[in-house]
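Spelled out from the first residue to the last, the chains are:
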Amino acid sequence: MTLDRDITTLARRIRRESGDVISFHQARLTAAGELGGLPVHTMTPEKRVSLRVQYTGESKAAARSAISSGTRGLGLDHCSDDQRAFRALLALALFNSSMYTGPTARWNYSVVASYDPVMSPRRDHLVIVAERAPENVATRLLSTAGVDSRGVPGLRHEVSYTCHGRRSLCLRHLPTGALLTITGDPAGCPRGNRRSLVPQRPFLTLDHDLTAHERRALAAVPPISVDATALLAGLVSRYNLVDRRGHWATSLSWDPLERPEVERRKEPEVVHGAEYQLWGAGDSWAFRWTGYPESRDLALALTHREAGVKGASITRHGGTYRVVLGTASLDLCDGKG
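Summary of the structure given here. (Residues numbered from 1 in each chain as written. Predicted model: local features only at pLDDT ≥ 70, side-chain atom pairs only at ≥ 80, totals over all residues. Heavy atoms only, no water.)

Overview of the overall build of the chain
When helices and strands are counted, the chain shows ten helices and eleven strands. A fraction of 62% describes how many contacts in the chain between residues 6 or more apart in sequence connect residues 24 or more apart. When the accessible surface of the chain is split by element, carbon and sulfur atoms take 52% of a total near 15300 Å². (Helix = DSSP H or I, 4+ residues; strand = E, 2+ residues; numbered from the N terminus. Contact = heavy atoms within 4.5 Å. Areas by Shrake-Rupley, 256 points an atom, 1.4 Å probe, with all protein chains shown as cover.)

Spelled out as structure tokens, the structure:
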């Protein structure tokens, strides 16, 4: 059944249950809103905040910090070019495990899936809410001195602070200037008292230029086209999304929808350790993994009417789902395929 027929069927039910008090036009608008048939850009900022929370699991305060009258859609991809470039680079850390032998596997961030972080992407700022252990998450990301550093090259500690009694660490990426905050505060508060410029661990700070090791690490990353950058950055913004209608979920550590068929199929991979590999060059990229989520789920999240990357479309070739944006493509497939 098409979306239009779904909307019409629900509208008739709404009108019938109201005793025909509600007009069919109003019932159809209500049905379209419930089924994802209304263009998100036509909604008020406050309605978009509520809608975004249903997908991201953010607090309303955090979502409200990301959406204004000038924000496009749900604000998941509404960011500066520098911030988008940083998110694409971060994707290569998030979605490559240590089992993979490529150069970004040593950045060692895929293990953070176990902390169930909530992404709160904003216009010129990416906030990661990790209520249980923000400093542990930061440890996986930040570079330290020496050739054994496993952090994202060029990421630096800028300032730490507390807000609502929770610890937050602001990080700055030197090559792009992009800002990343890792916080234990569900509101993702950008302000705080009791600030400290000195990190509690021996992280590199803004006083440290790019090291020779970091320059080599960045040089090993293939070029990423403009459209491919949007797709890779979109993976980061949709790191832990759940469809409000319960059709898909993108968590790497479990199935939030607790679908028996998904858990049965994925359980062996999780028990033996999930593996991730995201790699490519230019316009052509592929993400192959074992464990969660379903490749179909991630493809649907990237192309979803309300929560997807604008302009992205999906095709299927056997067990592989291909997401296309402009001239770029991202293949999503089971790691054992």
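So much for the structure itself; the text now carries on.
Overview of helix H5 (residues 81–94)
Relative to the 20 Å expected for 14 residues at 1.5 Å per residue, H5 spans 20 Å between its end C-alpha atoms, a close match to the ideal helical length. With eleven of 14 residues buried, H5 lies mostly within the body of the structure. Those residues of H5 lying buried are Gln 83, Arg 84, Phe 86, Arg 87, Ala 88, Leu 89, Leu 90, Ala 91, Leu 92, Ala 93 and Leu 94. (Expected span 1.5 Å × (residues − 1). Buried < 20%, exposed > 50% of the residue type's maximum accessible area, 1.4 Å probe, protein only.)

Describing the packing of aromatic side chains
What the rule picks out here adds up to five aromatic pairs. Three or more aromatic residues joined by ring pairs make a cluster, and in this case those are Phe 95, Tyr 239, Phe 287 and Trp 289. (Phe/Tyr/Trp six-rings, centres within 6.5 Å; stacked < 30°, edge-to-face > 60°.)

Let's talk about the pairing of strand E10 (residues 320–325)
Going residue by residue along E10, you find Tyr 321, Val 323 and Leu 325 tucked away on one face and Thr 320, Arg 322 and Val 324 left uncovered on the opposite face. In the sheet, strand E9 (residues 313–317) pairs with E10 via five bridges, with the strands oriented antiparallel. Counted as the bridge partner of Ile 314 is Val 323 from E10. Linking two consecutive strands that pair antiparallel, namely E9 and E10, is a turn of two residues; a positive phi of about 65 degrees is found at Gly 318 within it. Pairing analysis gives five bridges linking E10 to strand E11 (residues 328–334), with the strands arranged antiparallel. Within the sheet, the bridge partner assigned to Leu 325 lies in E11 and is Ala 328. (Pairing = 2+ DSSP bridges.)

Fair warning: the whole summary comes from geometry, so function is off the table for now.
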